Number of protein chains: 2
Amino acid sequence: VKVAVVGLGSMGLGIATSLVRAGINTIGYDVVRSSVERFIAMGGEGPPTLEQAVCEVDAVVLVVLNAEQVEAVLFASGGLEMTRADAIVIVCVTMAPDRARSIASRVVASGRQYIDAPISGGSLKAAEGQLTVLVSGPPDAISRANGVFGAMATKIYNVGDEPGVGSAFKLINQLLAGVHIAAACEAIVLAKRIGLDIAKVYEVIKNSAGNSWMFENRIAHVVANDYSPKSAVEIFTKDLGIVSDVSRDKKFATPMAASALQLFLMTASTGMGKDDDASVARLYALLSGTNLD
Amino acid sequence: VKVAVVGLGSMGLGIATSLVRAGINTIGYDVVRSSVERFIAMGGEGPPTLEQAVCEVDAVVLVVLNAEQVEAVLFASGGLEMTRADAIVIVCVTMAPDRARSIASRVVASGRQYIDAPISGGSLKAAEGQLTVLVSGPPDAISRANGVFGAMATKIYNVGDEPGVGSAFKLINQLLAGVHIAAACEAIVLAKRIGLDIAKVYEVIKNSAGNSWMFENRIAHVVANDYSPKSAVEIFTKDLGIVSDVSRDKKFATPMAASALQLFLMTASTGMGKDDDASVARLYALLSGTNLD
């Protein structure tokens, strides 16, 4: 099996190196050459052009930022036509389900197969090959791509036979994850404001009915006062933006997600967009004059 | 040890029967006589007056609805003065930390000891003696009351030496719990609205970064279409109301808790106040014309 990973940001680089580690012949590509060089330095193969990267592979794994970049790679830059006629296109990007279906239909029209495969877990888990992936697509394509998913993820959920279903599951997950981060930050700064020891609050809540996966994971960053990006604020302005677009399109009110989106936007607008998403706690601290140290 | 449990609603009755099961000499009291009779039918002792219930006990455990009822029992009805001069007053009611401190100071002024001991876990865990209790108060009083806490709870967190700290921890927990229920209901109904199988969404999210204790617990009710009250909507209109009062008093904005409170209020106002708090999902379904069956 030969695979190209297109998009070598923190997630894509982690996936590409996980594939190499699993013994898969992997080629990396990114429009930013320094990202490719990072992959080469880690033992990867990184030719200078998109065409050289994708022309001989069995599968192209796209780990770019958003749907626009997927379309740019596949259609505007001609990446799809550069691949073999039997190649599988695996898209790990979070996007609206309708958008995934639209891109899939263009890929399928070219005779190739499309797998919707949004990922979660953050860059550390990407580097360790321990992501969660929500896969939907034709069963025979998923079966052909099993080795790729097994190399990048420890949790592989096969959620449907049609593209768009994986994206829909990811959307629901991101709604919850974003709300939980915002709520965790609101709660921990309020705790500090009313005089509690936040390290103790963290320990107690972790073991109580108020816990969430995100509370447990992100409030550790707040307690440690470490906002170096494990997953950036801008991921959630993007993903909750998709939730907002989709729910508005369906005339479905999502007041919890909407409030969370505003908090991530405020956090980004005060200059913390590239920092860890637990920085929403620093927004609450700023707004309330609370010292979190 | 002899203990009186005052307030025999679903939580109080569960605590009282758990104490009996643990071999503690327990007397039950409630202003609603039928509640006392339920306790008697389960093997408990239930004299007709508050004075008879509390006059000889080592500890009075209050499991009434709110701070007003605590004050009514202890002060307006004279319950505090009816107890022995060395009795311990244990208050399991969720209330604002300042209110707990105020009630504690009046109890302490009478020469008796006060323990702030808000509980969580719902009526099923109360009946099984498996609550979580967030204890704060004088160490010697807590030590004297250890057997009582051990009979009612499996998780006992000693969070401080002063009354009010337990209530503050509970407040933070309830902020998170309320937001998580609202978010879980928003997410699962949106999932249905965009065509997903909600039982499958439940299984996938339970194992993903979007999970919360409340998502896992409450969305099982939605999937089963069972809104018989394990914990009622009105608990959260009350508890998020306390979050709202406290945060406003501290000039601390809590937009996530505020949105959740509005959703619980809407759910209660459409007639579901006594139903299970997962009924917020039925509110979303109603508002969006989504059929959850």
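Residues numbered from 1 in each chain as written. Chains lettered and ligands numbered in written order. Predicted model: local features only at pLDDT ≥ 70, side-chain atom pairs only at ≥ 80, totals over all residues. Heavy atoms only, no water.

## With respect to the overall build of chain A
So, point 1. The helix and strand inventory of chain A stands at 15 helices and eight strands.
So, point 2. The globule rule puts the C-alpha radius of gyration for 293 residues at 19 Å, and the 20 Å found for chain A is close to it.
So, point 3. By its C-alpha atoms, chain A is 65 × 45 × 35 Å across when sized along the principal axes.
So, point 4. Within the span of chain A, comprising 293 residues, buried residues form 60% of the whole.
So, point 5. Restricting to contacts in chain A with at least 6 residues of sequence separation, those with at least 24 account for 66%.
So, point 6. Here chain A displays about 10,700 Å² of accessible surface, and carbon together with sulfur accounts for 52% of that area.
So, point 7. Put simply, chain A has 25 plus and 29 minus side-chain charges, and the middle of one group is 3 Å from the middle of the other. (Helix = DSSP H or I, 4+ residues; strand = E, 2+ residues; numbered from the N terminus. Rg over C-alpha atoms; globule rule 2.2 N^0.38 Å. Buried < 20%, exposed > 50% of the residue type's maximum accessible area, 1.4 Å probe, protein only. Contact = heavy atoms within 4.5 Å. Areas by Shrake-Rupley, 256 points an atom, 1.4 Å probe, with all protein chains shown as cover. Lys, Arg positive; Asp, Glu negative; His and termini not counted. Charge placed at Lys NZ, Arg CZ, Asp CG, Glu CD.)

## With respect to the pairing of strand β5 (residues 113–116) of chain A
So, point 1. Of the two faces of β5(A), both are covered, the one formed by Q113(A) and I115(A) as well as the one formed by Y114(A) and D116(A).
So, point 2. Following the chain from strand β4 (residues 88–91) of chain A across helix α6 (residues 97–109) of chain A to the adjacent parallel β5(A), one finds a crossover that is right-handed. (Right-handed = clockwise from strand over helix to strand, strands pointing away.)

## Thoughts on the interface of chain B and chain A
So, point 1. On the chain A side, the residues contacting the 56 residues of chain B number 56 residues.
So, point 2. In this assembly, chain B and chain A are joined by zero salt bridges.
So, point 3. Linking chain B with chain A are 15 residue pairs in polar contact (both at pLDDT 80 or more).
So, point 4. Where the side of chain B that touches chain A is concerned, the elements lending two or more residues are β7 (131–136), β8 (153–160), α10 (165–193), α11 (198–206), α12 (213–223), α13 (233–249), α14 (255–272) and α15 (280–288) of chain B.
So, point 5. The dominant element in the side of chain B that touches chain A, judged by the number of residues it contributes, is α10(B), at 20 residues. (Salt bridge = Lys/Arg side-chain N within 4 Å of Asp/Glu carboxyl O. Polar contact = N/O pair within 3.5 Å; in protein donor to acceptor, adjacent residues only side chain to side chain.)

## A closer look at the packing of aromatic side chains
So, point 1. Throughout the structure, instances matching the rule amount to six aromatic pairs over all chains.
So, point 2. On the numbers, 6.0 Å between centres and 5° between planes, the contact of Y284(A) with F252(B) is stacked. With one member in each of two chains, Y284(A) in helix α15 (residues 280–288) and F252(B) in the loop between α13 and α14 form a pair that bridges those chains.
So, point 3. On the basis of relative accessibility, which here comes to 4%, the residue F252(B) falls in the buried class.
So, point 4. The ring of F75(A) is capped by R106(A), whose NZ or CZ atom sits 3.8 Å from the centre of that ring. (Phe/Tyr/Trp six-rings, centres within 6.5 Å; stacked < 30°, edge-to-face > 60°. Lys NZ or Arg CZ within 6 Å of the ring centre and 35° of its normal.)

## Quick word on the pattern of salt bridges
So, point 1. A full pass over the atoms with the stated rule returns 28 salt bridges over all chains.
So, point 2. The salt bridge involving R99(A) is made with E71(A); its shortest N-O contact spans 3.1 Å. Separated by 28 residues along the polypeptide, R99(A) in helix α6 and E71(A) in helix α4 (residues 67–76) bring together distant segments of the chain.
So, point 3. The shortest N-O distance in the salt bridge between K2(B) and E56(B) comes to 3.4 Å. Linking K2(B) in strand β1 (residues 2–6) with E56(B) in the loop between α3 (50–54) and β3 (59–62), this pair joins segments that are 54 residues apart in sequence.
So, point 4. Here the salt bridges share partners, and the residues they tie into one network are D58(A), R84(A) and D86(A).

## Observations concerning unusual backbone geometry
So, point 1. Of note, N225(A) is a non-glycine position whose phi angle comes to about 55°, a positive value.
So, point 2. Even without a glycine there, the phi angle at K251(B) is positive, about 50°.
So, point 3. With respect to the helices and strands, the residue K251(B) is situated in the loop between α13 and α14.

## Some thoughts on the relation of the copies chain B and chain A
These two copies of the chain differ by a rotation about an axis and a displacement along the same axis.
So, point 1. At an RMSD of 0.0 Å, chain B and chain A line up after a rotation of 180° and a shift of 0.0 Å along the axis. Considering both components of the superposition, the chain copies are consistent with a two-fold axis. Within chain B, the C-alpha atom positioned nearest to the axis of rotation is that of S212(B), 1.9 Å from it.
So, point 2. A shared binding surface is used by both copies, with 100% of the interface residues of chain B retained as interface residues in chain A. (Least-squares fit on C-alpha atoms with pLDDT ≥ 70 in both.)

## Focus on helix α13 (residues 233–249) of chain A
So, point 1. Taking 1.5 Å of rise per residue, the 17 residues of α13(A) would be expected to cover 24 Å, and the 24 Å separating its terminal C-alpha atoms lies within 8% of that figure.
So, point 2. Where α13(A) is concerned, the buried positions are V233(A), F236(A), T237(A), D239(A), L240(A), G241(A), I242(A), V243(A), V246(A) and S247(A).
So, point 3. Its buried side turned inward, α13(A) meets α6, α10 (165–193), α12 (213–223) and α14 (255–272) of chain A together with α10 of chain B. (Expected span 1.5 Å × (residues − 1).)

## What to know about the nonpolar core
So, point 1. Ranked by size, the top nonpolar core spans 112 residues in total, and within it I172(A) and I172(B) carry the most contacts.
So, point 2. Leave out the neighbours within four places in its chain, and I172(B) touches A187(A), L190(A), A191(A), I194(A), L196(A), V201(A) and I205(A).
So, point 3. V3(A), A117(A), A126(A) and F149(A) belong to the second largest nonpolar core, which has 32 residues in total. (Core = buried A, V, L, I, M, F, W, Y, C linked by side-chain atoms within 4.5 Å.)

## Some points on the confidence of the model for chain A
So, point 1. Across chain A, pLDDT averages 97, with 100% of residues at or above 70.
So, point 2. The complex model carries a pTM of 0.95, and its ipTM stands at 0.95. (pLDDT = per-residue confidence, 0-100.)

## A closer look at the side chain of T237(B)
Residue and element names in this part refer to chain B.
So, point 1. Within the secondary structure layout, T237 lies in helix α13.
So, point 2. A residue is classified by how much of its surface remains accessible, and T237, at 17% relative accessible area, is buried.
So, point 3. With sequence-adjacent residues up to four places away left out, T237 is seen in contact with L261, F264, L265 and A268.

## Considerations on the environment of D98(B)
Residue and element names in this part refer to chain B.
So, point 1. Structurally, the position occupied by D98 is in helix α6 (residues 97–109).
So, point 2. What makes D98 partly exposed here is its relative accessible area of 40%.
So, point 3. Setting aside residues no more than four positions away along its own chain, D98 makes contact with D249 and K250.

## Here's the deal with empty space enclosed by the protein
Residues and elements named next belong to chain B.
So, point 1. This model, assessed by the stated rule, comprises one cavity of 30 Å³ or more.
So, point 2. By volume, the largest cavity is sized at about 30 Å³.
So, point 3. Every residue lining the largest cavity is listed: V6, L50, V54, V60, V73, L74, G79, L80, T83 and V89.
So, point 4. Going through the elements one at a time, α3, α4 (67–76) and α5 (79–82) are the ones with two or more residues in the lining of the largest cavity.
So, point 5. Each residue belonging to the lining of the largest cavity can be placed in one class, and the counts come to eight nonpolar, two polar and no charged. (1 Å grid on protein atoms, 1.4 Å probe; cavity = no way out; pocket = protein on both sides within 12 Å on 5 of 7 lines; lining within 4 Å. Points joined across faces, edges and corners; volume = space filled by probe spheres on them. Nonpolar A, V, L, I, M, F, W, Y, C, P; charged D, E, K, R; others polar.)

## Some words on the packing of α4(A) against α6(A)
A pair of packed helices is characterised by two quantities: the angle between their axes and the separation of those axes.
All names here are of chain A.
So, point 1. As a packed pair, α4 and α6 sit with axes 11 Å apart at the nearest point and diverge in direction by 5°. Comparing their axes, α6 and α4 come out roughly parallel. Along its contact with α4, which presents A67, E68, V70, E71, L74 and F75, the element α6 presents R99, I103, R106 and V107.
So, point 2. Classifying every residue of the contact of α4 with α6 by side-chain character gives six nonpolar, no polar and four charged. (Axes fitted to C-alpha atoms, helices over the stretch in contact; angles between N-to-C directions. Parallel < 35°, antiparallel > 145°, perpendicular 65-115°, else oblique.)

## With respect to the pairing of β1(B)
Residue and element names in this part refer to chain B.
So, point 1. In terms of burial, β1 is a largely internal element, four of the five residues being buried.
So, point 2. Once you follow β1 into helix α1 (residues 10–21) and on to strand β2 (residues 25–29), the crossover reads as right-handed.
So, point 3. In terms of strand pairing, β1 meets β3 through four bridges, oriented parallel. Bridging across to β3, V5 finds its partner in V61. (Pairing = 2+ DSSP bridges.)

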